[in-house]
Amino acid sequence: MLVLAIAIFFVSLLMTDPWVWFPSGVLALIMGREMIDRSNLNLGLISSLAFATVICLMVALLFNFYVDDLGYRLKEIAIAVACLSLGLAIVVSMISHTGLGMNKGMALLSTLFIALFLVTMIILTLLLFDTLGGNTLIVDNRWMMFIITDIGFIILGIWVLMVAIRSSIPLQVGGASR
Amino acid sequence: MRREIWYNLIIWGTILILTGVLVYSIVALDYWYHSSKGGIEDTILTFFPYMLAIFALLVLLILGWKGIYIFPIPILLAISGVLMMHDIGIYMGLYDVYIEWWDKVAHYVAAVIVAYIGFFFLMYLEHYGRTIKLTPTFIVLFTMAFTCTWGVGWEIYELISDEILGSTMQYMSYIDTMQDMMSDIFGALTVSGIGLWWLKRNSAETFVDHFSADKLVNFSRKKMGRQDKVPAVEAEPSDSSD
């Protein structure tokens, strides 16, 4: 269920129709509920963040924000936040369910790499669509600018997370230690 | 002792070959980036791949000399191999004549090395870290993510080089970039698969028995101002009869 929800969520991010995103948002919510039931509230918060990001993407599309550069930047912020929150959800759920144990530094590092990996996968999928389907989702080398923006926002997000953890906002990572 | 000799021999041999390739390409093939010997950008682009490779090899050499860490010989051979592939590809014009597989194989081998470095890092973390307990699934996931991130980093470096110095590392095509990233993913998948297979049968302790990093860990801890050392020295039991 969880894997299916994540898969549909990501595929839907590649679509341009908000009606495809809407069910994916619902799925993200279900995913959040699943996690709340099985572990703790923090996972629910993270999933809610992913859900909120999808809503933001939908609103941005409905109001035609993507026609200018600012809109494109906003979309990159949304994708960066979605990947970061999903990366964190993966790490925290692995800590909760698989007996993984790590300190905060390692948890943040893992989140960073997984988020960047997810961004890479999105870009690679877009490129694949262009190559196989003859689409023009990616124009020349502009995607490189997108990925650099994404990486920048993800690093910024990691910094925010570091501050959040230091300020003792309840974000439990490093549950199982030996 | 024999391992140290091989270690030094491989590094010095690689330096010698790389220097020979550079000299041969400039003297015999009249190699110069963009074929114009005037601009500072072209001079940088001409010598940069060589300098980068020599720097990497010198770091490995110093680590070995100081006894901080000696890379396993197969990994060292792979590193030397990919440095030679990259430099020979540039200086002998193998990238430019569109031997497509040359670029892809270089990416694949480089990805394998980066993935191994990520895998080693996690194995050492699992063994030496006090609060770290990793699972095989996480190790595989992290290795994949780590390698692909480095792959993207390299592509960004290519873009910056193309934009600032006017090189043509991306061949003005995002298809080439995509294929490079696919090669990186295959490299990451190879190591992840082997790593998963190995982890099902062994543990981090077995790994560290083969590839100890005690000196590297002690060196890092000393730099961080920590006093504890590995392996932990067992306290002598005090003789209460005295």
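Scoring rules and cut-offs
Residues numbered from 1 in each chain as written. Chains lettered and ligands numbered in written order. Predicted model: local features only at pLDDT ≥ 70, side-chain atom pairs only at ≥ 80, totals over all residues. Helix = DSSP H or I, 4+ residues; strand = E, 2+ residues; numbered from the N terminus. Buried ≥ 20, exposed ≤ 12 C-beta atoms within 10 Å, placed from the backbone. Contact = placed C-beta atoms within 7 Å. pLDDT = per-residue confidence, 0-100. Domains from an automatic or database assignment. Core = buried A, V, L, I, M, F, W, Y, C linked by C-beta atoms within 7 Å. Axes fitted to C-alpha atoms, helices over the stretch in contact; angles between N-to-C directions. Parallel < 35°, antiparallel > 145°, perpendicular 65-115°, else oblique. Nonpolar A, V, L, I, M, F, W, Y, C, P; charged D, E, K, R; others polar.

## Quick word on the overall build of chain B
Next, step 1: Helix and strand counts for chain B stand at eight helices and zero strands.
Next, step 2: The helix and strand sequence of chain B, counted from the amino end, reads α-α-α-α-α-α-α-α.
Next, step 3: Across the 242 residues in chain B, those meeting the buried criterion constitute 31%.
Next, step 4: Sequence-distant contacts in chain B: of pairs separated by 6 or more residues, those separated by 24 or more amount to 75%.

## Regarding the overall build of chain A
Next, step 1: A tally of regular secondary structure across chain A gives six helices and zero strands.
Next, step 2: Along the chain direction, N to C, the helices and strands of chain A fall in the order α-α-α-α-α-α.
Next, step 3: Pairs at least 24 apart in sequence give 67% of the contacts found in chain A among residues at least 6 apart.

## Some details on the confidence of the model for chain B
Residue and element names in this part refer to chain B.
Next, step 1: Predicted confidence across chain B gives a mean pLDDT of 79, with 81% of residues reaching 70 or more.
Next, step 2: Within chain B, the element-level pLDDT minimum falls on helix H7 (residues 204-210), averaging 75, and the maximum on helix H1 (residues 2-27), averaging 86.
Next, step 3: Taken as a whole, residues 238-242 scores under 50 in pLDDT and shows zero contacts with residues more than four places along the chain or in a different chain.
Next, step 4: Two summary scores accompany this predicted model of the complex, namely pTM at 0.73 and ipTM at 0.71.

## Some thoughts on the domain arrangement of chain B
Residues and elements named next belong to chain B.
Next, step 1: By the assigned domains, chain B splits into domain 1 (1-97) and domain 2 (98-224).
Next, step 2: Taken residue by residue, the interface counts 18 residues in domain 1 and 18 residues in domain 2.
Next, step 3: For the side of domain 1 that touches domain 2, the secondary structure elements donating two or more residues are helix H2 (40-65) and helix H3 (73-91).
Next, step 4: Top contributing element to the side of domain 1 that touches domain 2 by residue count: H3, with eight residues.

## Considering the nonpolar core
Next, step 1: Core analysis: the biggest nonpolar cluster contains 80 residues, and Cys83, Ala115, Leu116, Val119 and Ile154 of chain A together with Ala145 of chain B have the highest contact counts within it.
Next, step 2: Built from parts of two domains, this core gets at least three residues from each of domain 1 (1-97) and domain 2 (98-224) of chain B.
Next, step 3: If we skip the residues at most four places from it in the chain, Ala115 of chain A touches Cys83, Leu84, Gly87 and Ile154 of chain A.

## As for the confidence of the model for chain A
Next, step 1: Residues at a pLDDT of 70 or more form 43% of chain A, whose mean pLDDT is 67.
Next, step 2: Every residue in residues 168-178 of chain A scores below 50 in pLDDT, and together they form 28 contacts with partners more than four places removed in sequence or on other chains.

## Points about the packing of H1 of chain B against H3 of chain B
Relative placement of two packed helices is described by the angle separating their axes and the distance separating the axes.
Residue and element names in this part refer to chain B.
Next, step 1: Relative orientation of the contacting elements H1 and H3 amounts to 0°, with a least axis distance of 10 Å. Relative to H3, the element H1 lies roughly parallel. Here Arg3, Trp6, Tyr7, Ile10, Thr14, Ile17, Leu18, Val21, Leu22 and Ser25 of H1 lie close against H3, whose contacting residues are Ile73, Leu76, Leu77, Ser80, Leu83, Met84, Asp87, Ile88 and Tyr91.
Next, step 2: Of the residues that constitute the contact of H1 with H3, the class distribution is 14 nonpolar, three polar and two charged.

## Considerations on the environment of Val160 of chain A
Next, step 1: Relative to the helices and strands, Val160 of chain A resides in helix H6 (residues 142-166).
Next, step 2: Look at Val160 of chain A and you get exposed, because 11 C-beta atoms sit within 10 Å.

## Digging into the environment of Lys104 of chain A
All names here are of chain A.
Next, step 1: Turning to its location among the elements, Lys104 is positioned in helix H5 (residues 104-133).
Next, step 2: Under the C-beta neighbour-count criterion, Lys104 is labelled partly exposed, with 15 such atoms within 10 Å.
Next, step 3: For Lys104 and Met162, which are 58 residues apart along the polypeptide, the C-alpha to C-alpha distance reads 8.5 Å.

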